[in-house]
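Residue-level listing of the chains:
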Amino acid sequence: MNIIKAKISRIAKNKEAKTVAGNFMWLSLLQVAGYVFPLITMPYLARVIGVEGFGKIAFASAIMVWIQTIADWGFNLTATRDVAQNRENPQKVSEIFSNVLWARCLLMVVSFIVLLILIIAIPQFKENSDVILVSFLMVPGHILFPDWFFQAVERMKYTTILNVIMKLIFTLAVFIFIKDKDDYILQPLFTSLGFVVSGAIALYIIINRWKVKLYKPNWENIKYTIKSTTDVFINHLAPNLYNSLSVVLLGFFGGGVANGIYDGGNKFFAIICNLLNTITRAFYPFLSRRKDFHSKFVKIVVLIATFFSIITFILAPWLVETMLSSEFSESIMVVRILSISLIFYVLSTAYGTCYLIINNREKVLRQSTIICSVIGFLIAIPLIYHYTYIGVALTVTISRALLGISAMLISKAGITDLKYIFK
């Protein structure tokens, strides 16, 4: 007992430990809000808009994942790392912030032009153009809300407070305005508006609280900012080949109902992933400075992921029956398959994001991610064609296993370039 008290006392006196603990607390509160509000609205939306409404929203969301990944371009990791390492230099922080903001705006405009072309050219996109365009509003909202900055300066309370307030307001809006199946489009609209409003407030806080100066766009700086983060971007984009693209393929092969069944089961997986990401985000700036702590960090997150994997697998029938409806009974198998992938998901972030990227080994991570994601894409087509939503769940789990195990092996072996292995 005295040993435990002594350890707690040492942590309380350690400034870095207190900062990490504080960030984890605020991020945990944010994630709790992220669980509570969807859990409140999920049963209501399941009854009101049904499986098909869920499917249309999931289809649009899968497309937005690609656009959001392009607009982010990996800055949520590289910019966080750079600001965390230079936060005592206000001018450097302002330069990083400005370059990242303008780079993301440019990428958003390019993405929007491509999206319009796809809507005109592809019937499936044109058919769902209303929900796709409404969902696109999330992208400028994400850009305006640079939570990576709050993470870098380790002041996550601002992110938490703004997000919780917006989630509360727009959760109430769901119950007030969504009354029948045709109102499904209001759900992504409310979500998007939440991001835009909170993003505008966050930008105001950053400029006034931290005195960050917003410099005019400089093409050379923007080009360099994008180029220097390309490896991380590819590492983020490639998994979409098996993840969000699988949902798009499911929309073509299985239709809106199949998408709704998969999305219903995937929501539980997404909630747990958000919790695991909370731990990663809380430790990321700390691990950028204290690389010696990584082995302990891995043990912590793997243990937590294993616990949730077992619990989710066992409770899958109860979760689906309680939180959704009988219309989603086939989502139980989706939940169970995806629960297995939680451990591999944690391995990919613990060794990829929190080790290889922190140690400036983005290149080898990018190479590994591309190989694993291409394999995932190749197996996705036959699996989804033959097994629809079960095929998507299997594709995601197998691909996550390849990513997680490869990231771990590369990290432990000290590999810096995969081309030397294949020679």
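Residues numbered from 1 in each chain as written. Predicted model: local features only at pLDDT ≥ 70, side-chain atom pairs only at ≥ 80, totals over all residues. Heavy atoms only, no water.

A.B. asks: Looking at this model, I keep getting lost on a nonpolar patch on the surface. Mind explaining?
C.D. replies: Taken together, Phe-307, Ile-310, Ile-311, Phe-313, Ile-314, Leu-315, Trp-318 and Ile-340 make up a surface patch of nonpolar side chains, about 770 Å² in accessible area. Of all the elements, helix α16 (residues 294-323) adds the most residues to the nonpolar patch, at seven residues. Tracing the chain through its elements places Ile-310 in helix α16. (Patch = residues over 30% accessible without salt bridge, like charges linked within 9 Å, V, L, I, M, F, W, Y side chains within 5 Å. Areas by Shrake-Rupley, 256 points an atom, 1.4 Å probe, with all protein chains shown as cover. Salt bridge = Lys/Arg side-chain N within 4 Å of Asp/Glu carboxyl O. Helix = DSSP H or I, 4+ residues; strand = E, 2+ residues; numbered from the N terminus.)

A.B. asks: What is the right way to read the packing of helix α15 (residues 255-289) against helix α18 (residues 362-413) from this model?
C.D. replies: One can describe the packing of α15 onto α18 by two numbers: an axis separation of 9 Å at closest approach and a directional angle of 45°. Between α15 and α18, the angle falls in the class oblique. The hand of the α15/α18 crossing is right-handed. Every residue of α18 that contacts α15 at Ala-258, Ile-261 and Tyr-262 is listed here: Tyr-389, Val-392, Ala-393 and Val-396. (Axes fitted to C-alpha atoms, helices over the stretch in contact; angles between N-to-C directions. Parallel < 35°, antiparallel > 145°, perpendicular 65-115°, else oblique. Left-handed = near helix turned anticlockwise from the far one by under 90°. Contact = heavy atoms within 4.5 Å.)

A.B. asks: What should I look at first to understand helix α12 (residues 219-228) in this one?
C.D. replies: Residue pairs three or four apart in sequence face the same way in an α-helix, which turns once every 3.6 residues. Those residues of α12 that sit buried are Ile-222, Thr-225 and Ile-226. Projected down its long axis, α12 carries its buried residues within an arc of 95°, all on one side. When the buried face of α12 is taken as reference, the exposed residues oriented beyond 90 degrees from it are Tyr-224 and Lys-227. The inward-facing, buried residues of α12 abut α4 (75-86), α5 (90-121) and α13 (230-237). If you check the start of α12, you find a side-chain oxygen 3.1 Å away from the backbone N of Glu-220, and it comes from Asn-218. (Buried < 20%, exposed > 50% of the residue type's maximum accessible area, 1.4 Å probe, protein only. Arc of directions from axis to C-beta. Polar contact = N/O pair within 3.5 Å; in protein donor to acceptor, adjacent residues only side chain to side chain.)

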